[in-house]
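Per-entry structural report
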Amino acid sequence: MEIPNIFEFDDLKDKADNLFIENKFNEASKIYENLIKIDQTNFLLYGKLAISLINSNKIDKALNMLKKAIDINPLYDEGYFFYAIAFSKKGDYILSIKNFKKAIKINSKYNEAIIALADTYLGNGDFEKAIITYKKVLAFDQKNINSLIGLGVSFSRMRKFSEAIFNFKEVIKFDPSLDYVFANIGNLYSLQKRWDLAIDYYKKCLSINSKNLQAINSLAEVYSCCGDRLLAIEYYQLSLSINSKQADICNNLGNELLLNQDYKKAFIIYQKAININPNLPDAFYNLGTLVEMNKDYQKAIEYYIKAIEIKPEYTYANFGLIRCKNFLCDWSSNKELSRFINIVAKSKNSLNPIDFMTLEDNPSNHFIRAKNYYKENYITSNEKIVRKKKNKIRIGYFSSNFHTHPVMILMARVFELHNKNDFEIYFYHLSKSIEDKYTKRIYKCSNNIVDLTSISDAEAVSKIRNDNLDIAIDLNGYTRSNRMAIFSRRVAPIQITYLDNPGTTGSDCMDYILADKIIIPEINKKYFSEKVIYLPNSLQCVDDTLTPDPIKLNRKDLGLPEKGFIFCSFGNPYKISAKEYNIWMNLLNNVDDSVLWLITSSEIVKSNLKRESEIRGVDPKRIKFSNKVSLEKHMSRQNCADLFLDTFNYTSGLMTYISLVCGLPLLTLAGKSFSARISTSVLSAISMTELIAHNEAEYEQIAYQLATNKNIYKGIKSKLIKQKQESAYFNSASFVSSLEIVYKGLFNK
């Protein structure tokens, strides 16, 4: 381009300015450069050229032009302003701040510079200075939207939620059309778990802009937190109808479908998330969780490994991998397991404490994890439930397992024997499940059957409170399909955790835990957030009407050797660790003609355990496996065994009772944690402490003695038969009487 003459100057300047306004910065720059050749003392031309260069990302050249402009006019406030902008783009926040301050010193009411300085403080994490600076603008312009928004953001980053909300509300006072500000307020209420207010502001946002994805997705998340699965699903689907390419939202929708037990749809939507983003670790992790729930542990391992390949430090996926390997009795990662447990024990990851019961015997760590898990996932209501006078004490039992399940097999007789003159019983069904003979048996015990499966936590709480319970008993804890969120909001004056959760909830919503002095010794009370109520015998209730199948089975029928000592362990194989197995294999090596009898239908588990036996010098043929059968048939067949070898970190529960009531001695190791002392509690209650070892060497010694000394073994068998007749533990009515005394004591406090 030729240098313009003086007469063309104004026309070209107008043209450059118009190009600048149209964001055509490269074209504008060329004209400004030519204009400067005519008028080299015009600082404004240097300024315009610099701004065009900044917008063209030619920062160094822009800085050079701004320096020339300021050299010509040291009071050029806009020059310093854009100098600061240029340095900011280079990431030099110190020089950026310095030049914003120079601009403001020249022009103390330069709002744009003051706000930009505050924004720079905010972006650099200096929230206090950002707040002071935004307030300078508001001192002479109370309705400055940008400053109010900046204050709201600064306070929210400092987690000063009240101040942040106040400033955002000031914004919408002056401009109620800003939908995103309503969404910001919703986010702040959501962070405080003030769900109702969060929902209200997200909906206000959507009334202005019905396609605001942030508000739609946040609403779905809040409904999820409230346990309202159907509304969460509805809003995630709405979001995907607006933008179907949101992989993270597909993943979130899959989670809600999973929790709603719509497993096929959940699988499909997780796959869709992966198709959109093949590097989304959460989707692979959730697919792993889904197939793990279906007990396809091998496939779950594959998904967890994919998640870890994308995100190596993914705690949940690493733990899922370890958990599934345990389910398959694959102990190849035991060295990694020890390191992982130590890391997690000290971290604040909210992993479900139940999953660690088999992995370690450390009540302190269990307590820490339970507290972290509750704190991360629930919020306790401070609302008091006022007890209303009634003729009977109203008890509510809550479970997702009102069917053939270890908890219900033990509890069914309790429900039948409750004194209906003193107690009014309610059953609350927490999630979808099968209905079978136990469902029918239990439901005959009360006319008050309440289905909570398809309603939100808030609706459930309202419904339960209207029933005016005196005592609520949670039979789930943190086990699958629990509804701990209901109890966190308080549904009864007294809330108790019992039976299925072998440890503390770490919560401040559960008032009591039912136990005994063996399972929670006085010294261990410090590891429980609940007040401990001691039952007089064992905490474990029983059903004394259970009888074996009348068809008698012999060893030959079961594929067991007709001669020789049969060790057995009838608990879930995932409870077995290398520690127990080492001892069990030592016993087989030292006791001639002995075998180990286990229950599993998994060919992978069988293969892994046979391999582990071979590693330990034991012929794999000496490991015998049977499939699961009905409880009555199992009670009949287990008499073919001689000694039940209990697991360590997570001992048997129902199977302890079934073993002992049928006259099969059970040997346990007294651990430290609740889950490691269940069998110790039962054996203590029936005065069979000879079957309680206090270290691994003693455990092996007792087992060896019983297998090789017929007189000692006969003595134990005879004593067990006698205790079955005499011990209160085997008497369901005795347990119920003790339990009702506890309930009445709590009620009359």
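Residues numbered from 1 in each chain as written. Predicted model: local features only at pLDDT ≥ 70, side-chain atom pairs only at ≥ 80, totals over all residues. Heavy atoms only, no water.

Another aspect to go through is the overall build of the protein. Per the secondary structure count, the protein includes 33 helices and 13 strands. For 749 residues, the compact-globule estimate of 2.2 N^0.38 gives 27 Å, and the protein exceeds it by more than 25% at 35 Å. Projected onto its principal axes, the C-alpha positions of the protein cover 120 × 65 × 45 Å. Counting over 749 residues, the protein shows a buried share of 56%. Within the protein, residue pairs in contact and separated by at least 24 positions form 62% of the contacts whose partners lie at least 6 positions apart. Accessible area for the protein stands at about 34,000 Å²; split by element, carbon and sulfur atoms hold 49% of it. Counting 99 positive and 83 negative side-chain charges, the protein places the averaged centre of each group 4 Å from the other. (Helix = DSSP H or I, 4+ residues; strand = E, 2+ residues; numbered from the N terminus. Rg over C-alpha atoms; globule rule 2.2 N^0.38 Å. Buried < 20%, exposed > 50% of the residue type's maximum accessible area, 1.4 Å probe, protein only. Contact = heavy atoms within 4.5 Å. Areas by Shrake-Rupley, 256 points an atom, 1.4 Å probe, with all protein chains shown as cover. Lys, Arg positive; Asp, Glu negative; His and termini not counted. Charge placed at Lys NZ, Arg CZ, Asp CG, Glu CD.)

So, about helix H7 (residues 111–123). With 13 residues, H7 ought to run about 18 Å at 1.5 Å a step, and its terminal C-alpha atoms sit 18 Å apart, in line with that. Most of H7 sits inside the fold, with 10 of its 13 residues counted as buried. All of the buried residues along H7 are Asn111, Ala113, Ile114, Ile115, Ala116, Leu117, Ala118, Thr120, Tyr121 and Leu122. Buried positions along H7 lie against helix H5 (77–89), helix H6 (93–106), helix H8 (127–140) and helix H9 (145–157). Phi for Gly125, located one or two positions after H7, is positive at around 80°. (Expected span 1.5 Å × (residues − 1).)

The next thing to look at is helix H1 (residues 9–21). Helix length check: H1 (13 residues) gives 18 Å between terminal C-alpha atoms against 18 Å at 1.5 Å per residue, within 8%. Of the positions making up H1, those classed as buried are Phe9, Leu12, Ala16, Asp17, Leu19 and Phe20. Angularly, the buried residues of H1 cover 160° about the axis, an arc narrow enough to put them on a single face. Seen from the open side of H1, the exposed residues pointing more than 90 degrees away from its buried face are Asp10, Asp11 and Ile21. (Arc of directions from axis to C-beta.)

Right, let's get into the packing of aromatic side chains. Counted under the stated rule, the structure contains 40 aromatic pairs. Pairing Tyr373 with Tyr378 gives two aromatic rings, centres 6.5 Å apart and planes at 70°, and the pair type is edge-to-face. Taking the relative accessible area as the measure of exposure, Tyr378 reaches 13% and is therefore buried. Every member of this aromatic cluster is reached through a ring pair, and the members are Tyr397, Phe402, Phe415, Phe427 and Tyr443. Against the face of Phe20 rests Lys48, its NZ or CZ located 5.6 Å from the ring centre. Just above the ring of Tyr314 sits the side chain of Lys311; from NZ or CZ to the centre is 4.5 Å. (Phe/Tyr/Trp six-rings, centres within 6.5 Å; stacked < 30°, edge-to-face > 60°. Lys NZ or Arg CZ within 6 Å of the ring centre and 35° of its normal.)

Time to look at the sheet that holds strand S6 (residues 512–515). Two modes of strand pairing occur in sheets, parallel and antiparallel, and in both the strands are linked by backbone hydrogen bonds. A sheet is described by the order of its strands in space; here 7 strands give the open sequence S3-S2-S1-S4-S5-S6-S7, paired in parallel fashion. In the strand order of this sheet, the two ends are held by strand S3 (448–451) and strand S7 (531–534), each with one partner. The average angle at which neighbouring strand axes cross in this sheet is 25°, direction not considered. Relative to S7, S6 runs parallel, the two being bridged by 4 bridges. Bridge assignment links Leu514 to a residue of S7, and that residue is Ile533. (Pairing = 2+ DSSP bridges. Axes fitted to C-alpha atoms, helices over the stretch in contact; angles between N-to-C directions.)

Taken as a whole, the second largest pocket encloses approximately 560 Å³ of empty space. Taken together, 25 residues make up the lining of the second largest pocket; nearest its centre are Leu359, Glu360, Ser577, Lys579 and Asn649. Elements supplying a minimum of two residues to the lining of the second largest pocket: helix H20 (334–346) and helix H26 (578–590). Element by element, the count of residues in the lining of the second largest pocket is highest for H20, at 5 residues. Taken together, the residues of the lining of the second largest pocket break down into 11 nonpolar, 9 polar and 5 charged. (1 Å grid on protein atoms, 1.4 Å probe; cavity = no way out; pocket = protein on both sides within 12 Å on 5 of 7 lines; lining within 4 Å. Points joined across faces, edges and corners; volume = space filled by probe spheres on them. Nonpolar A, V, L, I, M, F, W, Y, C, P; charged D, E, K, R; others polar.)

Attention now goes to the nonpolar core. Formed by 236 residues in total, the largest nonpolar core has its most connected members in Tyr397 and Phe567. Ignoring anything within four residues of it in the chain, the contact list for Phe567 reads Leu587, Leu588, Val591, Ser594, Val595, Leu596, Trp597, Leu643, Leu645, Ala703 and Ala707. Core analysis: the second largest hydrophobic core is formed by 24 residues, Tyr426, Val450, Ile486 and Val491 among them. (Core = buried A, V, L, I, M, F, W, Y, C linked by side-chain atoms within 4.5 Å.)

As a further point, take the packing of helix H22 (residues 406–417) against helix H33 (residues 732–747). Taken N-terminus to C-terminus, the directions of H22 and H33 make an angle of 70°; their axes are 9 Å apart at the nearest point. It follows from the interaxial angle that H22 and H33 lie roughly perpendicular. H33 is crossed by H22, and the crossing has right-handed handedness. Listed contacts from H33 to Arg413, Val414 and Leu417 of H22 are Ser732, Ala733, Phe735, Val736, Leu739 and Glu740. (Parallel < 35°, antiparallel > 145°, perpendicular 65-115°, else oblique. Left-handed = near helix turned anticlockwise from the far one by under 90°.)

For residues that are not glycine, phi is negative in most cases, and the peptide bond is trans in most cases. One non-glycine residue, Ser481, adopts positive backbone phi at about 65°. As for its placement among the helices and strands, Ser481 is situated in the loop between strand S4 (471–474) and helix H25 (484–488). Exposure remark for Ser481: the relative accessible area of 27% places this residue in the partly exposed category.

Counting buried positions over the 7 residues of strand S1 (residues 393–399) gives 7, a clear majority of the element. Here S1 shows no split at all, with Ile393, Ile395, Tyr397 and Ser399 on one side and Arg394, Gly396 and Phe398 on the other all buried. Direction of pairing for S1 relative to strand S2 (residues 423–429): parallel, over a ladder of 7 bridges. Bridge pairing in S2 links Phe398 to Tyr428. Traced from S1 through H22 to S2, the parallel crossover comes out right-handed. Pairing of S1 with S4, which is carried by 4 bridges, proceeds in the parallel orientation. Within S4, the residue paired with Phe398 across the bridge is Asp474. (Right-handed = clockwise from strand over helix to strand, strands pointing away.)

What follows concerns the sheet that holds strand S8 (residues 566–569). Read from one edge to the other, the open sheet built from 6 strands follows the order S10-S9-S8-S11-S12-S13, with strand pairing classed as parallel. Of all strands in the sheet, those bounded by a partner on one side alone are strand S10 (623–626) and strand S13 (692–693). Bridge count between strand S12 (residues 666–669) and S13: 2 bridges; the pairing is parallel. Looking at the pairing, Leu669 lines up with Ala693 of S13. Sheet strands in contact with helix H31 (residues 696–708) are S8, strand S11 (643–645), S12 and S13, and its direction is about 165° off that of S12.

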